[in-house]
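Observations on chain architecture
Next come the chains, spelled out residue by residue.
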Amino acid sequence: MKSKRIGNRTVKLENKPTIISASSVVGPKEGEGPLREYFDIILEDDLCGQKSWELAESDMVKTSMKKTCEKANKKLEDIDYMIGGDLLNQIFPASFAARDLSIPFIGIYGACSTMAEGMCISSMLIDGGFADLILSGTSSHFCAAERQFRFPLEFGNQKPMTAQWTVTGAGSVLISPKGQGPKVTHVTIGKVIDKGIDDGNNMGAAMAPAAVDTIYSYFNDTKDDPNSFDVIATGDLGKLGKEITEELLAQRGLDISKVYMDCGIEMFNMKEQDVHCGGSGCGCSATVFCGYIYKKLKNKEFNKVMLVSTGALLSPTSTLQKQTIPSVAHAVIIENKE
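A quick note: this is a predicted structure, and the numbers were derived from the prediction, not measured.

1. Quick look at the pairing of strand β3 (residues 18-26)
- Counting buried positions along β3 yields nine of nine residues, so the element is predominantly enclosed.
- Sheet topology note: the β3/strand β9 (residues 169-176) ladder contains eight bridges and is antiparallel. Bridge pairing in β9 places S23 opposite S172.
- Note that β3 and strand β4 (residues 41-42) share two bridges and pair parallel. Paired with V25 across the two strands is I41, which belongs to β4.

Structure below.
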């Protein structure tokens, strides 16, 4: 059988799986940002009527998954697999959502790279003929993430300016071998990169080298032109991480500055909303892609996009053991193809 791999790391999808629908759910703060008009649902209460922040996040996942199926006129029982994960221990929100949705579940963990990771896996399964409909998505919640990785909100700690604001939101896509919508044409799976950053409040600097490695690998494998893209979007590097990524790629002779955006910067009004370096969390790239970017693709305002979700693979245990922060980034290339 002929390999679908190009170069060392990139896979060219011959059957070009279609993203037939997508949906996004965000919290009140995210709904006040510049992308407000692109989100499907903006919550008035980020507790979602639940007893805990974690259950609220799980509820967002279910809401997004159901909305994505509804927009494609599909029923939950039509779905072959649900692929998802999140930031919390044992991917609690995704697992509990899968329990209630009763769809065969593949749980994954890539930290904030989970959106692109899930899309990579889903697209390869569809391209290989192993499924007809796959729901893929992820989520994060500011309050739940603060409690697990930093301090409970009641503590009222101040953050350094390198810190970012975890997005409260969930996004999901429905991928099929046929149908109307933008196509997934290539995926590049990331390597785990660790440059020795040990500051949990400086995720942008920790994750930027992983983004650089994956983006450079895609272009080295395919010999594609960065300026053929309408957008190259990293997940949640924030202001500092974006600057580092551009600089490190330029040192390798790759200039993406004309088409480069970071979802963590686009999510919030950086001047008016106090988010320091920008947004972060699994829900950051998920909601920006499933809201803003996907709708631009559907309307043919964008015709070629690279989504590079970035994840810091630390845990509360690794932090307490004074470990550095390994990171990973996965890339999905989506195009309007006939």
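2. Things to note about the packing of helix α2 (residues 53-71) against helix α5 (residues 142-149)
- Relative orientation of the contacting elements α2 and α5 amounts to 135°, with a least axis distance of 8 Å. Judged by the angle between their axes, α2 and α5 are oblique. Both α2 and α5 take part in a crossing whose hand is left-handed. Residues W53, E54 and E57 of α2 lie in contact with α5, whose contacting residues are C143, A144 and R147.
- Tallied by class, residues from the contact of α2 with α5 come to three nonpolar, no polar and three charged.

3. A word on the pattern of salt bridges
- Applying the stated criterion to the full structure yields 11 salt bridges.
- When the shortest N-O distance is used, the salt bridge between R99 and D100 registers 3.2 Å.
- Overall, D100 belongs to the partly exposed group, its relative accessible area being 42%.
- Here K242 and E246 are joined by a salt bridge, their closest N and O atoms 3.3 Å apart.

4. Section: the nonpolar core
- One finds I19, M119, V173, F289, I293 and I334 to be the most contacted residues of the largest nonpolar core, which totals 43 residues.
- For this core, the secondary-structure elements that each account for two or more residues are β3, α4 (114-127), β9, β10 (183-188), β11 (231-234), α9 (282-298), β14 (304-312) and β15 (327-335).
- It is α9 that contributes the most residues to this core, nine residues altogether.
- Non-local contacts of I334, meaning those with residues more than four positions away in its chain, are made with I19, M119, P182, K183, V184, F289, L297, N303, K304, V305 and L307.
- Residues A211, L249, M306 and L314 belong to the second largest nonpolar core, which totals 26 residues.

5. Brief notes about the environment of I189
- Note that I189 resides in the loop between β10 and α6 (203-222).
- The partly exposed category is assigned to I189, whose relative accessible area is 33%.
- If sequence neighbours within four positions are ignored, I189 has contacts with R9, C120, M124, A329 and H330.

6. What about the state of the cysteines?
- Here the structure, examined in full by the defined rule, presents zero disulfides.
- Summary of cysteine pairing: C112 is not part of a disulfide, and the nearest cysteine sulfur, belonging to C282, is at 4.8 Å.
- A residue is classified by how much of its surface remains accessible, and C112, at 9% relative accessible area, is buried.
- In this structure C290 is not part of a disulfide, and its nearest cysteine sulfur, from C263, lies 10 Å away.

7. Details of α6
- Taking 1.5 Å of rise per residue, 20 residues should cover 28 Å, and α6 covers 29 Å from first to last C-alpha, within 8% of that figure.
- Where burial is concerned, most of α6 is hidden: 17 out of the 20 residues are buried.
- Directly after α6, the chain includes K223, whose backbone phi takes a positive value near 60°.

8. As for the pairing of β11
- Burial of β11 is two-sided: the residues V231 and A233 facing one way and the residues I232 and T234 facing the other way are all buried.
- Both β11 and β14 contribute to a ladder of four bridges, which runs parallel. Pairing of T234 across the sheet is with V308, part of β14.
- In this structure, β11 lies alongside strand β12 (residues 260-262), joined through three bridges in parallel fashion. Bridged to I232 within β12 is Y260.
- Read as a crossover between parallel neighbours, the route from β11 over helix α7 (residues 238-251) to β12 is right-handed.

9. Let's talk about unusual backbone geometry
- One non-glycine residue, K16, lies in positive phi territory at about 50°.
- Relative to the helices and strands, K16 resides in the loop between β2 (10-12) and β3.
- With a phi close to 60°, S102 is a non-glycine residue in the positive phi region.
- In this fold, S102 is placed in the loop between α3 (92-101) and β6 (105-107).

10. Remarks on the packing of aromatic side chains
- Under the definition given, this model contains seven aromatic pairs.
- Between Y292 and F302, the ring centres sit 5.9 Å apart and the planes meet at 80°, which makes this aromatic pair edge-to-face. Of this pair, Y292 sits in helix α9 while F302 is found in the loop between α9 and β14, placing the two residues 10 residues apart along the sequence.
- Using a relative accessible area of 16% as the deciding quantity, one classes Y292 as buried.
- Of the aromatic side chains, those joined through ring pairs into one cluster are Y38, Y292 and F302.
- The ring of Y216 carries the charged tip of R252 above its face, separated from the ring centre by 4.8 Å.

The rules behind these values
- Residues numbered from 1 in each chain as written.
- Predicted model: local features only at pLDDT ≥ 70, side-chain atom pairs only at ≥ 80, totals over all residues.
- Heavy atoms only, no water.
- Buried < 20%, exposed > 50% of the residue type's maximum accessible area, 1.4 Å probe, protein only.
- Helix = DSSP H or I, 4+ residues; strand = E, 2+ residues; numbered from the N terminus.
- Pairing = 2+ DSSP bridges.
- Axes fitted to C-alpha atoms, helices over the stretch in contact; angles between N-to-C directions.
- Parallel < 35°, antiparallel > 145°, perpendicular 65-115°, else oblique.
- Left-handed = near helix turned anticlockwise from the far one by under 90°.
- Contact = heavy atoms within 4.5 Å.
- Nonpolar A, V, L, I, M, F, W, Y, C, P; charged D, E, K, R; others polar.
- Salt bridge = Lys/Arg side-chain N within 4 Å of Asp/Glu carboxyl O.
- Core = buried A, V, L, I, M, F, W, Y, C linked by side-chain atoms within 4.5 Å.
- Disulfide = S-S within 2.5 Å.
- Expected span 1.5 Å × (residues − 1).
- Right-handed = clockwise from strand over helix to strand, strands pointing away.
- Phe/Tyr/Trp six-rings, centres within 6.5 Å; stacked < 30°, edge-to-face > 60°.
- Lys NZ or Arg CZ within 6 Å of the ring centre and 35° of its normal.

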